[in-house]
Amino acid sequence: RAPIPVGRPMTRIPIYVNDRAAEVASGTPAGEAVAGLDDGWAEALSAGKAYLTDGRGIRLDSATPLSAGAILRVVISSRASRESSDADA
């Protein structure tokens, strides 16, 4: 096998956040990807006024690594809290 070159660029993958399509590096944490798309979403997430869900509406932790085709929703609510994800429920 050929060795993997050092400094190889990371694979970019498509993701979908609310009404936006974007490309991020494979494995990017969900919160980081969302924050890079919209400053308002970033502020709401860090203030606990928003949370992330997957395309099925299951709450995700912002550290969840993304894979190709991930569908995320940013849910903004005055009642949102920093509760843990329920993806394993």
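Everything numeric in this text was worked out from a predicted model, so none of it was measured. (Residues numbered from 1 in each chain as written. Predicted model: local features only at pLDDT ≥ 70, side-chain atom pairs only at ≥ 80, totals over all residues. Heavy atoms only, no water.)

**Student:** Mind showing me how you'd approach the overall build of the chain here?
**Tutor:** Counting secondary structure elements, the chain contains 2 helices and 5 strands. The buried share of the chain, taken over its 89 residues, is 29%. (Helix = DSSP H or I, 4+ residues; strand = E, 2+ residues; numbered from the N terminus. Buried < 20%, exposed > 50% of the residue type's maximum accessible area, 1.4 Å probe, protein only.)

**Student:** Hey, could you run me through unusual backbone geometry in this one?
**Tutor:** Both trends apply: most residues other than glycine have a negative phi, and most peptide bonds are in trans. With phi around 50 degrees, N18 is a residue other than glycine that occupies positive phi space. Mapped onto the elements, N18 comes out in the loop between β1 (12–17) and β2 (20–25). By relative accessible area, N18 is classed as partly exposed at 28%.

**Student:** What is the right way to read the pattern of salt bridges from this model?
**Tutor:** Side chains carrying opposite charge are able to pair once their charged atoms draw close together. All told, the structure shown has 2 salt bridges when counted by the stated rule. One salt bridge in this structure joins R20 and D38, with 3.1 Å as the shortest N-O distance. Within this pair, whereas R20 is found in strand β2, its partner D38 is found in the loop between α1 (30–37) and α2 (39–46), the two being separated by 18 residues in sequence. On the accessibility criterion, R20 (31% relative accessible area) is partly exposed. (Salt bridge = Lys/Arg side-chain N within 4 Å of Asp/Glu carboxyl O.)

**Student:** Honestly, α1 in this entry has me stumped. Any pointers?
**Tutor:** When α1 is considered as a whole, its buried residues turn out to be A30, G31, A33 and V34. Down the axis of α1, the buried set is contained in an arc of 160 degrees. They therefore lie on one face. Exposed and oriented more than 90 degrees from the buried face of α1 are E32 and G36. (Arc of directions from axis to C-beta.)

**Student:** Whenever I open this one, the sheet that holds strand β3 (residues 50–54) confuses me. Can you help?
**Tutor:** For sheets, the rule is that strands pair by backbone hydrogen bonds, running either parallel or antiparallel. The strand order across the open sheet built from 5 strands is β2-β1-β5-β3-β4, with neighbouring strands paired in mixed fashion. Unpaired on one side and paired on the other, β2 and β4 (59–60) mark the two borders of the sheet. Where β1 and strand β5 (residues 70–76) come together, 3 bridges link them in parallel fashion. Considered in β5, the bridge of Y16 is made with I71. Set on the sheet, α2 makes contact with β1, β2, β3 and β5; between it and β3 the angle comes to about 105 degrees. (Pairing = 2+ DSSP bridges. Contact = heavy atoms within 4.5 Å. Axes fitted to C-alpha atoms, helices over the stretch in contact; angles between N-to-C directions.)

**Student:** Whenever I open this one, the pairing of β2 confuses me. Can you help?
**Tutor:** A regular strand places its side chains so that they alternate between the two faces of the sheet. As judged from the 6 bridges shared by β1 and β2, these two strands associate in the antiparallel manner. Considered in β2, the bridge of I15 is made with A22. Where β1 hands over to β2, the hairpin turn is made up of 2 residues, of which N18 adopts a positive phi near 50 degrees.

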